Amino acid sequence: MNAPQGAWRLTLSYAFGAALWVLFSDGLLMALELSVAQQERVQLLKGLGFVLLTSALLYSILRSHQQHQQQGHRALLRSEKRLHQALEAAGGGIWDWDLQHQQVYFSPGYAALLGIRPETLGVDPLQWQQHLHPDDRVAFERNIQRRMSTLSTAPYEVSYRLQHQDGSYRWIQSRGRLLLDKHGQPERLIGTASDITQRRKDEDSLRQAAVVFDATQEGVLVTDAQQHVVHCNPAFTRITGYSEKEILGQSPSILKSGRHDKDFYNSLWQALKNRGAWSGEVWNRRKSGEIYPQWQCIREIRDGQGEVSHYVAVFSDITALKRSQQELDYLAHHDPLSNLPNRLLFTERVEHALERGRIDGYSGAVMLIDLDHFKHINESLGHNIGDLLLKDVGERLSQQLGKRMTLARLGGDEFGLLDESCGSPEQAAVLAQRLQTCMSSVFQINQQELFITASIGISLYPDDADDVGQILRNADSALFKAKNSGRESYAFYSQELTAHAHQRVELASALRHALDHQELRVYYQPLICLRNQHVIGVEALVRWQHPQRGLVAPGEFIPVAEETGLISAIDAWVLEHSCRQMVAWQAAGYALKFVAVNVSSRLFSRGELDHRVAEVLRATGLDPACLELEVTESAVMDNPDAALALLQRLRALGIRLAIDDFGTGYSSLARLKRLPVHKLKIDQSFISGLPHDPSDVAITRTVIALGHSLGLKVLAEGIEQVEQVELLQQLGCDHAQGYYFGRPQPADQLAARLAARSDTPHT
Ligand code: C2E
Ligand code: MG
Ligand code: MG
């Protein structure tokens, strides 16, 4: 029953009771038959009783009503307080906008949102609007108008910025509702407001983080504390091949490659536990099964209670990086031309082999393989051909490799071979021979047929040495020995070789001393005209009159002099000495046509030779036509253009020029044709095979024909037998030189011979 009904019922009951009383109380009195005075008194008492009763009733009604009202008011206050407290706890406030009187009520909580007191905020809505951010005014007004025009009483929610006391703007979220009066007209707008500035900030950061999360190139994987994947980004899918759907709820262990052992993961977890983070390289497996390296950082995320709630793994695929690292590593350890290991890797391998040899007692061999006269190929045919040949040589040598062998290109035309299974010198010798044999067939390079031989120096470990530097030096000494013993041969390192190296050092200083102390001598070997076997000239050949060792041949000291640079002083001395001797012979009436002087290729390449020769000719007064300079084929072909210019300048001086040791180098016929020389001297290595060796005969015949066709004289070196003389005469060779006609000898001895022949006419 509601309150008005209850009130009606009570009032009716009262009216009915009171009416009954009024109607029947007097009748009742009459029935008592009282006296008038009594009746009057009873009447008074009755009236007073009625008043008393109704007053008591009224009092009790009023009292109960008042109590109800007080209870309601208290409940209202309590609930209002609760609401305020709740709003304050939530950091909010209440507003109530009386639309009819255009007044707003702001709760203290509301004013607190803006850092001011409620009085300051006032009741005027226009005053409140002063706080509204200019950019939010239009939206705010539009919302109010919409409410007014639609008369929608549905709750609504808007956000706008209000200026705080400190000048900053705070984002306020306002939830409100339009209330209508009994005529359905807008009466009030009422609602709550709360500061959502921080929430907006957080939402912004989250939005930004989400963009980064999606756009980053790094794969991101988030798991819960139990390691079930709860989130991954697009980069994760791109790298691993797993879609979000496939990976969610899974354990990241499905990405494991199996490359890492238990210890690896144990230490990872340990680091996570101790430091809350781990980073390092991990090999994982893509969905396709491919294993790839990634750089991974894992971090734990803890909740408010400090408990691990999630793990985040951020990783990048470093396959490309690894590949380029590997490539760099490969480049650092390999020769780009031949793709063979380079000196660095070779040295490492030898070091490793020596180490193993020490531990396991294995022995092995290190070989240095050097191509004979490779320089000439490079320089006469060009570096491109040279490079292609080196590549082919590398390939051919590689085909001979067995197990536990490493072939490397150490630089230039030098290759290194490490044989870790070589147990004896014999085995090494067999391998060296095999390597040399494999080189013997023709190399086909750019439609050119090339032949090349190799010399090999061998050092055995642990017998010869047990450190890498020493073993390489030993192999180098052995190579030197091999080269000296006539190319295309192999030699072993021995102690004597080391001694030899020491000797060379000593020799260089002794040679310096020899120059200063006039220990050099010039011997002269007659040069013969083959037609009549008359002496036409002499070749000046240097000797060293060593105080202890006696006469030392140039073959022993010229290479050392070339290495140390002493050669220029020696050659200058020989040139001047020979020219003076020639002038003396001429003055004495000997009919020698010329003196031939050797010029080192070192000196030749310097270019100022013509000045020196001119100076000597001027100083000695020798007729330039009586001087012949012998330059080796290789000296000319080393730098053909510069050589050509120098030869032309020398020839302009009026001297004669001869190419010495012809046939041992790689002359280009095209270039030879242009050289302003007078003579070719066929190297004695071809003459020594005459008259029996058919290929030497063929070569000699060809060189003679070639020389003649170029308009040159041809001289054969090293004639020791009469048969050689006869054959060369038949072949039409012009001149000769050799022990058969006379050994190199001191000037005075030769003078005696020349004197003896002086009665015969010279040609
Ligand atoms: P080369 O210019 O080819 O000199 C010829 C060499 O052959 C000389 O050796 C000579 O003694 C040797 N010889 C001549 N006839 C015969 C023979 O019938 N049989 C044999 N087996 N050998 C013969 P040598 O005097 O020992 O000189 C060797 C090389 O040293 C020369 O070869 C030359 O290249 C170089 N040389 C000599 N003197 C000088 C010099 O003053 N300056 C320079 N730069 N080099 C020189
Ligand atoms: Mg010579
Ligand atoms: Mg010669």
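Cut-offs used in this document
- Residues numbered from 1 in each chain as written.
- Chains lettered and ligands numbered in written order.
- Predicted model: local features only at pLDDT ≥ 70, side-chain atom pairs only at ≥ 80, totals over all residues.
- Heavy atoms only, no water.
- Pairing = 2+ DSSP bridges.
- Helix = DSSP H or I, 4+ residues; strand = E, 2+ residues; numbered from the N terminus.
- Axes fitted to C-alpha atoms, helices over the stretch in contact; angles between N-to-C directions.
- Buried < 20%, exposed > 50% of the residue type's maximum accessible area, 1.4 Å probe, protein only.
- Lys, Arg positive; Asp, Glu negative; His and termini not counted.
- Salt bridge = Lys/Arg side-chain N within 4 Å of Asp/Glu carboxyl O.
- Polar contact = N/O pair within 3.5 Å; in protein donor to acceptor, adjacent residues only side chain to side chain.
- Contact = heavy atoms within 4.5 Å.
- Donors = N, O, S within 2.8 Å, 3.2 Å for Na, K, Ca; no water.
- Near = heavy atom within 4 Å.
- Areas by Shrake-Rupley, 256 points an atom, 1.4 Å probe, with all protein chains shown as cover.
- Nonpolar A, V, L, I, M, F, W, Y, C, P; charged D, E, K, R; others polar.
- 1 Å grid on protein atoms, 1.4 Å probe; cavity = no way out; pocket = protein on both sides within 12 Å on 5 of 7 lines; lining within 4 Å.
- Points joined across faces, edges and corners; volume = space filled by probe spheres on them.
- Patch = residues over 30% accessible without salt bridge, like charges linked within 9 Å, V, L, I, M, F, W, Y side chains within 5 Å.
- Parallel < 35°, antiparallel > 145°, perpendicular 65-115°, else oblique.
- Left-handed = near helix turned anticlockwise from the far one by under 90°.
- Expected span 1.5 Å × (residues − 1).
- Charge placed at Lys NZ, Arg CZ, Asp CG, Glu CD.
- Disulfide = S-S within 2.5 Å.

(A) The arrangement of the sheet that holds strand 17 (residues 490–492) in detail. Pairing is mixed across the open sheet formed by 5 strands, whose spatial order is 12-13-11-16-17. The sheet is open, and its two borders are formed by strand 12 (405–411) and strand 17, each paired with just one other strand. The average undirected angle you get between the axes of adjacent strands in this sheet is 20°. By the bridge criterion, 6 bridges tie strand 11 (residues 364–371) to strand 13 (residues 414–419) in an arrangement that is antiparallel.

(B) The arrangement of the side chain of Asp734 in detail. As for its position among the elements, Asp734 is in the loop between helix 27 (722–731) and strand 26 (735–736). Summary of buried charges: Asp734 has no salt-bridge partner, and the nearest side chain of opposite charge, Lys713, is 4.3 Å away. Within the structure, the side chain of Asp734 is placed 2.7 Å from the backbone nitrogen of Val714, a separation counted as a polar contact. Beyond its immediate stretch of four places on either side in the chain, Asp734 contacts Ile528, Cys529, Leu530, Arg531, His708, Leu712, Lys713 and Val714.

(C) Spotlight on the coordination of the magnesium ion (ligand 2). Within the protein, the magnesium ion (ligand 2) binds to Glu539 (OE), Asn598 (OD1), Glu630 (OE) and Asp660 (OD); these donor distances fall in the range 2.0 to 2.2 Å. For the magnesium ion (ligand 2), the single-chain donor residues occur in sequence as E-x58-N-x31-E-x29-D. A distance of 4.1 Å spans the gap from the magnesium ion (ligand 2) to the magnesium ion (ligand 3), which Asp660 bridges by coordinating each metal. Linking Glu539 in strand 19 (residues 534–546) with Asn598 in strand 21 (residues 594–599), this pair joins segments that are 59 residues apart in sequence. Glu539 sits in the buried class, given a relative accessible area of 3%. You can call Asn598 partly exposed: its relative accessible area is 23%.

(D) How the structure looks around the sheet that holds strand 5 (residues 186–195). Strand order in this open sheet of 5 strands is 2-1-5-4-3, and the pairing throughout is antiparallel. Single-partner strands in this sheet number two, and they are strand 2 (103–106) and strand 3 (156–163). On average, adjacent strands in this sheet sit at an angle of 25° to one another, irrespective of strand direction. For strand 4 (residues 169–180) and strand 5, the ladder comprises 9 bridges, and the chain directions are antiparallel. Pairing of Gly176 across the sheet is with Gly191, part of strand 5. Against the sheet, helix 6 (residues 137–150) contacts strand 1 (92–98), strand 3, strand 4 and strand 5, and its axis sits at roughly 150° relative to strand 3.

(E) Structural detail: the site of ligand 1. Surveying the vicinity of ligand 1 reveals 24 residues, the closest of which are Asp571, Asp660, Gln684, Glu720 and Tyr739. Asp661 is positioned such that a nitrogen or oxygen atom in its side chain is 3.2 Å from an oxygen atom of ligand 1. A distance of 3.1 Å is found between an oxygen atom of ligand 1 and a side-chain nitrogen or oxygen belonging to Glu717. Protein chains shield 83% of the accessible area of ligand 1, which is 790 Å² for the free molecule. Listing elements by their share of the shell around ligand 1, those giving two or more residues are strand 19, helix 18 (554–564), helix 19 (567–588), strand 21 and strand 23 (656–662). Per-element accounting of the shell around ligand 1 gives the leading share, 4 residues, to strand 19. Looking at side-chain class alone, the shell around ligand 1 contains 10 nonpolar, 6 polar and 8 charged residues.

(F) Focus on the pattern of salt bridges. Under the criterion given, the structure shown has 27 salt bridges. Among the salt bridges present, the one from Asp96 reaches Arg188, with a minimum N-O distance of 2.4 Å. Placement of Asp96 in strand 1 and of Arg188 in strand 5 is noted, with a sequence separation of 92 residues between them. With a relative accessible area of 16%, Asp96 lands in the buried category. A salt bridge links Glu576 to Arg580; its shortest N-O distance comes to 2.6 Å. Note that Glu576 and Arg580 are positioned in helix 19 at a spacing of 4 residues, about one turn of the helix. What makes Glu576 partly exposed here is its relative accessible area of 32%. Classification of Arg580 by relative accessible area gives partly exposed; the value is 43%. Residues joined in a network through salt bridges with shared partners are Glu539, Glu630, Lys681 and Glu717.

(G) Fine view of empty space enclosed by the protein. Applying the stated criterion to the full structure yields 4 cavities of 30 Å³ or more. Here the largest cavity defines a volume of roughly 140 Å³. As for the largest cavity, its lining consists of 14 residues, of which Trp95, Trp97, Trp128, Phe140 and Tyr160 are closest to the centre. Secondary-structure elements contributing two or more residues to the lining of the largest cavity are strand 1, strand 2, helix 5 (125–129), helix 6 and strand 3. Looking at side-chain class alone, the lining of the largest cavity contains 12 nonpolar, 2 polar and no charged residues.

(H) A look at a nonpolar patch on the surface. A surface patch of nonpolar side chains, amounting to about 350 Å² of accessible area, comprises Leu10, Tyr14, Leu57 and Ile61. Listing elements by their share of the nonpolar patch, those giving two or more residues are helix 1 (3–32) and helix 2 (36–89). Mapped onto the elements, Leu57 comes out in helix 2. By relative accessible area, Leu57 is classed as partly exposed at 40%.

(I) Main features of the packing of helix 26 (residues 694–709) against helix 27. It is at 10 Å that the axes of helix 26 and helix 27 come closest, and there the two elements cross at 45°. It follows from the interaxial angle that helix 26 and helix 27 lie oblique. The handedness of the crossing between helix 26 and helix 27 is right-handed. Counting all contacts with helix 26, which are made through Val697, Thr700, Arg701 and Ile704, the residues of helix 27 involved are Leu727, Leu728 and Leu731. Residue classes in the contact of helix 26 with helix 27 are distributed as 5 nonpolar, 1 polar and 1 charged.

(J) Structural view of helix 16 (residues 468–484). Taking 1.5 Å per residue as the helical rise, helix 16 with its 17 residues ought to reach 24 Å, and the 24 Å between its terminal C-alpha atoms agrees with that figure. Within helix 16 the residues assigned to the buried category are Val468, Ile471, Leu472, Asn474, Ala475, Ser477, Ala478, Leu479, Ala482 and Lys483.

(K) Molecular detail of the environment of His334. Counting through the fold element by element, His334 comes out in the loop between helix 11 (319–333) and helix 12 (343–360). Taking the C-alpha atoms as reference, His334 lies 53 Å from Gly732; in sequence the two are 398 residues apart. What His334 contacts, discounting residues up to four positions off in sequence, is Asn339, Leu340, Pro341, Asn342 and Leu345.

(L) Representation of a negative patch on the surface in the model. Taken together, the side chains of Asp329, Glu348, Glu351, Asp466 and Asp467 define an acidic patch exposed on the protein surface. Within the secondary structure, Glu348 is located in helix 12. Owing to a relative accessible area of 37%, Glu348 belongs among the partly exposed residues under this scheme.

(M) The arrangement of the state of the cysteines in detail. According to the stated counting rule, one finds 0 disulfides in the structure shown. Sulfur of Cys297: no disulfide; nearest cysteine sulfur belongs to Cys232 and is 18 Å away. Judged by its relative accessible area of 35%, Cys297 falls in the partly exposed class. Left unpaired, Cys529 is separated from the closest cysteine sulfur, that of Cys733, by 10 Å.

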